[in-house]
Amino acid sequence: MKREFAVIGLGRFGGSICKELSAEGMDVLAIDSDEDRVNEFKDIAAHAVIADTTDEKVLKELGMRNIDHVIVAIGEDIQASILTTLMLKELGVKKITVKAQNDYHEKVLIKIGADHVVHPERDMGKRIAHSIISTNILDYLELSDAHSIVEVKAGKKMHGKTLIDLDIRAKYGCNVVAIKNAYNKGINVSPEPNLKIDKGDILIVIGADKDISKFERILV
Ligand code: ADP
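Residues numbered from 1 in each chain as written. Predicted model: local features only at pLDDT ≥ 70, side-chain atom pairs only at ≥ 80, totals over all residues.

The chain carries the name Trk system potassium uptake protein TrkA in an unreviewed UniProt entry, which gives Gracilibacillus halotolerans as its organism.

Chemist: Tell me about the sheet that holds strand β7 (residues 137-142), and name the residues and values.
Modeler: Taken together, 5 strands build an open sheet; the order of strands is β7-β8-β11-β9-β10 and the sheet is antiparallel. Strands with a single pairing partner mark the edges of an open sheet, and in this sheet they are β7 and β10 (187-188). Pairing geometry for strand β9 (residues 175-180) and strand β11 (residues 202-208), over 5 bridges, is antiparallel. Looking across to β11, one finds that Ala178 is bridged to Ile204. Against the sheet, helix α9 (residues 209-219) makes contact with β7, β8 (147-153) and β11, and its axis sits at roughly 140° relative to β11, the strand it touches most. (Pairing = 2+ DSSP bridges. Helix = DSSP H or I, 4+ residues; strand = E, 2+ residues; numbered from the N terminus. Contact = placed C-beta atoms within 7 Å. Axes fitted to C-alpha atoms, helices over the stretch in contact; angles between N-to-C directions.)

Chemist: I'd love a proper account of the domain arrangement of the chain, names of residues and values included.
Modeler: Looking at the assigned domains, one finds that the chain contains domain 1 (4-118) and domain 2 (123-219). Computed over C-alpha atoms only, the centres of domain 1 and domain 2 are separated by 37 Å. (Domains from an automatic or database assignment.)

Chemist: For unusual backbone geometry, give the residues involved together with the corresponding values.
Modeler: Here Asp167, not a glycine, exhibits a phi torsion of approximately 50°, which is positive. The residue Asp167 is located in the loop between α7 (163-166) and α8 (168-172) in this model.

Chemist: Account for the sheet that holds strand β1 (residues 4-8), with residues named and values stated.
Modeler: With respect to topology, 6 strands assemble into an open sheet ordered β3-β2-β1-β4-β5-β6, the strand pairing being parallel. Edge positions in the open sheet fall to β3 (47-50) and β6 (116-118), since each of these has one partner strand only. When the angles between neighbouring strand axes are averaged without regard to direction, this sheet yields 15°. Across 5 bridges, β1 lies against strand β2 (residues 27-32) in parallel orientation. Across the sheet, residue Ala6 finds its bridge partner in β2, namely Leu29. On the sheet, helix α4 (residues 78-91) packs against β1, β4 (69-72) and β5 (95-99) and is oriented at approximately 175° with respect to β5.

Structure below.
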């Protein structure tokens, strides 16, 4: 079923969400208070309108309460972002995702009932920092303040060994949930304990950050 989305704020972040959703065939209502921004999205989104979403009347006229999921991607103007989110909530919008500028903004958004708060610059910064620290960490996904999933490239120390040999769960407290094969690029999502690991294979590891760092220091 075609789902209806609205993206408020068509800067780099909101604009990119709008483009992706539209490319996936979703019905997107693109909104910005800036006419030039809206014009850029006329041929991309199903609908594109110029509107200031801090005006409750405008939100009602746009029929926001009938939209499945609204993404608030207003950048610098934190006050406008909070006010828009609050009014969308009051109108009864089912799902609201909001981009936060900083930690205080995030706290307020959660308090007023935003369903999902994203912090793209901070999160991408963390991911890149992790891949810079260790050249073998290819990607990183934060699950909580203290837990993550990382993609690790197997080096010499793991080559030719099995998960039993390495005893990762007992020794390092983390779990290998999948292995991407270095040669055929196939992914094994339930690696058998006796599967031999080759140098260059990519291990997807879940665990506490402190355990993952230990694993990374000793084995990678
Ligand atoms: P990014 O960091 O994602 O590039 P920007 O700050 O460039 O974010 O973009 C935010 C967008 O939100 C801008 O295009 C701006 O015109 C729009 N915007 C700001 N306030 C409002 C508002 N009250 N109603 C609608 N759009 C708004």
